[in-house]
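Spelled out from the first residue to the last, the chains are:
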Amino acid sequence: MKKVSQISLIGMIALLLIWQLPWIYQFIFAHPQQSAMRFMLFSPITYEFTYPDRGANDKLVGKDLAGHIYSANQLDSVLPLFYNRQLADRNAFPDSIMGKPINLKEIQEGRFMFRNFPEDTNGPIAPLYMLLESAPKRLDFELPKDMFRCTTNGLEFITMQNNQIDLAKSTLFTQALKDVGCSFPIIHLHNIPNLRKRYDNGFLLVDRQHQLFHMQMTHNKPVCHRIDLPKDVLANQVFVTEFDSRKHYGFFTDTTNKMYVIDAPSYQIHPLDIPEFNPSTQEIMIIGNPYMWTIRIEDDRGTTFYGLDGSDYHQYRKKEYIYHNKPFMGLHFTSSNDGYVYPHWN
Amino acid sequence: MLQALFYKEWIKTRWFLAIAFLISIGISIYSMMIFKHAMDMKGIAHIWVMMLTRKVTLVHLITYVPIAIGLCLGVVQFVPEMYKKSIKLSLHLPFDINRSIAIMLLWGAVCLAICFQANFLIVWNVLHPHLPSELLAQSLSTIYPSYIAGFFIYFMTATIVLEPTWKWRLGYIIISALGLHLFLLSQTPFAYNKFTWGLMLITIIITTFSWRSIYRFKVGCQD
């Protein structure tokens, strides 16, 4: 028994040292990633990535990657779609951008920000989903009476009041999805389960065959659509969006990590002109307006910015920042890629 | 002899066990009263939505109770042995010392298991008629690492108290603190689902440390 306890003690001490020593080393000697640029936007005026910074006397200035330095007022004019309120306040909001007439209301409604973290995709969740009535009688959304789970054979609605399965509703929605060609089980689905929103885009679902579907509940009835995918495109992760412009149902990535946007209400699909986005390992931020989208994709290798056209999504410019300070290898029990605790070496 | 050893442990721990049992049950009943109150005030649908969207677990009050009970049981069970030097008598009994320590630890582990089981059953009985399996699992997934941590801290406390030298006691305290940190890295529901085996393995491994302490006591190690 003495030997067993000696070996156990050595094992435990070794585990704790392997876990803690790299952490202590990093805690003392770690330096921030010097090349990391956190925020910049693609300008529809200069066609350059531009970012706010602090100049002499700690004054706000704008800088771009071509080396230009702008005053605060000039920065507003270089990024008029982002600083539109500042410009409107000074009566300096332009009449047109990129040769197209614009108005402030259109810009403010068309602005959006979309973010997704790897933990959103990989993190632990209770696999229950809340389907809202998309056409509520009043403006506010009402708390639904049920939630649903995905089973191998369809959807199963559970009435919250009595914790019992609502067979009639389950059959109704399962059949509605089957009618548009959905083959169960659903492998990925997404919605925005928030009652304080302006409208509801329902759920985007990916079935067993990697086909894409859209499901909403209108007047307590299922409204399901199959979204036709281009040939050889197999949907993987889906992201519902509910931007003020109501021009999109959301985004999805395919099995090769190509990203697409789904137009509303036409269900037309447009590929984004970026090489790849892997939702399981990469963080994405899109700051968009009707004319220009700036996409930032970040992972542990670096950060890449893309400037995309807001109408046909072709790429104007790309800027990549590679992290040169490689993270110190060690045993970790938590990860920013998911919310699980388990040992992994990286 | 076996019966006598169990009786000795019963004598030492009975009052503490009664209090621990009452506290453990009391806190789970209190947690469930909060749940019932919220259900009466806001409705069960509100609780489902909060659990789904805000990852509410309903059992956060229970998190540190098993750890506190494990720690106190270790102290109550082994400090008198060392303080009154009665452990020396145990060492001279015509009974294998390894078995003797095993019985002491087994007594503590069984008492903790009963205590945690009662705690768990109250939570499960109140929640399961009102919550679907997914949300019930969300609640329970946050407390089972605490139960295992309760056993971990009990075995480490036994090791620390039985250890005759302060140098090694300090070492064990550091191991306990770091080890316990491993059990409390995340309060997110389902976070430990992939590592339950690891928590249990670590707890089983550290069970053997007490034998090392008692061996060192027996051979007369001193500061």
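The numbers attached to residues start from 1 for each chain and follow its sequence in the written order. Here chains are named by letter from A upward and ligands by number from 1 upward, in the order in which they appear as written. Only residues with pLDDT of 70 or above have their local features reported here, since the model is predicted, and side-chain atom pairs are shown and tallied only from 80 upward, although totals for entire chains, interfaces and linings are computed over all residues. As a rule here, side-chain values come from all non-hydrogen atoms in the structure, and water together with hydrogens is ignored.

## Structural notes on the sheet that holds strand 22 (residues 315–322) of chain A
All names here are of chain A. Under the convention used in this document: Here, a strand pair is defined by DSSP locating no fewer than two bridges between the strands. Only DSSP runs of H or I covering at least 4 residues are called helices, and only runs of E covering at least 2 are called strands; the numbering of each starts at the N terminus. Inter-axis angles, ranging from 0 to 180 degrees, are taken between N-to-C directions of lines fitted to C-alpha atoms, where helices are fitted over the stretch in contact.
Within the open sheet, the five strands sit side by side as 7-19-20-21-22. Their pairing is antiparallel. With one partner strand each, in any of the chains shown, strand 7 (112–116) and strand 22 form the two edges of the open sheet. Along the sheet, successive strands turn relative to each other by an average axial angle of 10°, direction set aside. By the bridge criterion, seven bridges tie strand 21 (residues 302–309) to strand 22 in an arrangement that is antiparallel. For Thr304, the partnering residue across the bridge sits in strand 22 and is Glu320.

## Observations regarding the sheet that holds strand 13 (residues 212–218) of chain A
Residue and element names in this part refer to chain A. Strand order in the open sheet formed by four strands is 11-12-13-14, with antiparallel pairing between adjacent strands. Of all the strands in the sheet, just strand 11 (188–190) and strand 14 (221–227) have a single pairing partner and so form its edges. Going across the sheet, the axis of each strand differs from the next one's by a mean of 20°, ignoring polarity.

## Quick notes on the environment of Lys63 of chain A
Residues and elements named next belong to chain A. The criterion, for reference: The contact definition used throughout considers only heavy atoms, calling two residues in contact when any of these lie within 4.5 Å. Here a polar contact is taken to be a pair of N or O atoms separated by no more than 3.5 Å, where protein atoms must pair a possible hydrogen donor with a possible acceptor and residues adjacent in sequence count only if both atoms sit in side chains.
Mapped onto the elements of the fold, Lys63 is located in strand 3 (residues 60–64). In this structure the C-alpha to C-alpha distance between Lys63 and Tyr51, which are 12 residues apart in sequence, comes to 5.5 Å. Filtering out sequence-adjacent residues up to four positions away, Lys63 remains in contact with Phe49, Thr50, Tyr51, Asp53, His68, Ile69 and Tyr70. Polar side-chain contacts of Lys63 include one of 3.1 Å to the side chain of Asp53.

## So, the interface of chain B and chain A
Selection rule: Once two parts are joined, some of their accessible surface, as seen by a 1.4 Å probe, is lost; buried area is that loss totalled over both.
Listed per partner, the contact involves 45 residues of chain B and 37 residues of chain A. Across the interface of chain B and chain A, roughly 3500 Å² is buried in total on both sides, 78% from carbon and sulfur atoms. When residues of chain B are sorted by the area they lose upon contact with chain A, Trp48, Leu52 and Glu134 of chain B head the list and together hold 18% of the total. Viewed at the interface, chain A and chain B are joined by eight residue pairs in polar contact (both at pLDDT 80 or more).

## With respect to the domain arrangement of chain A
Filter applied, for reference: An automatic or database domain assignment supplies the start and end points of every domain.
Entries for chain A in the domain assignment read domain 1 (1–29), domain 2 (41–110) and domain 3 (118–283). Between the C-alpha centres of domain 1 of chain A and domain 3 of chain A there is a distance of 46 Å.

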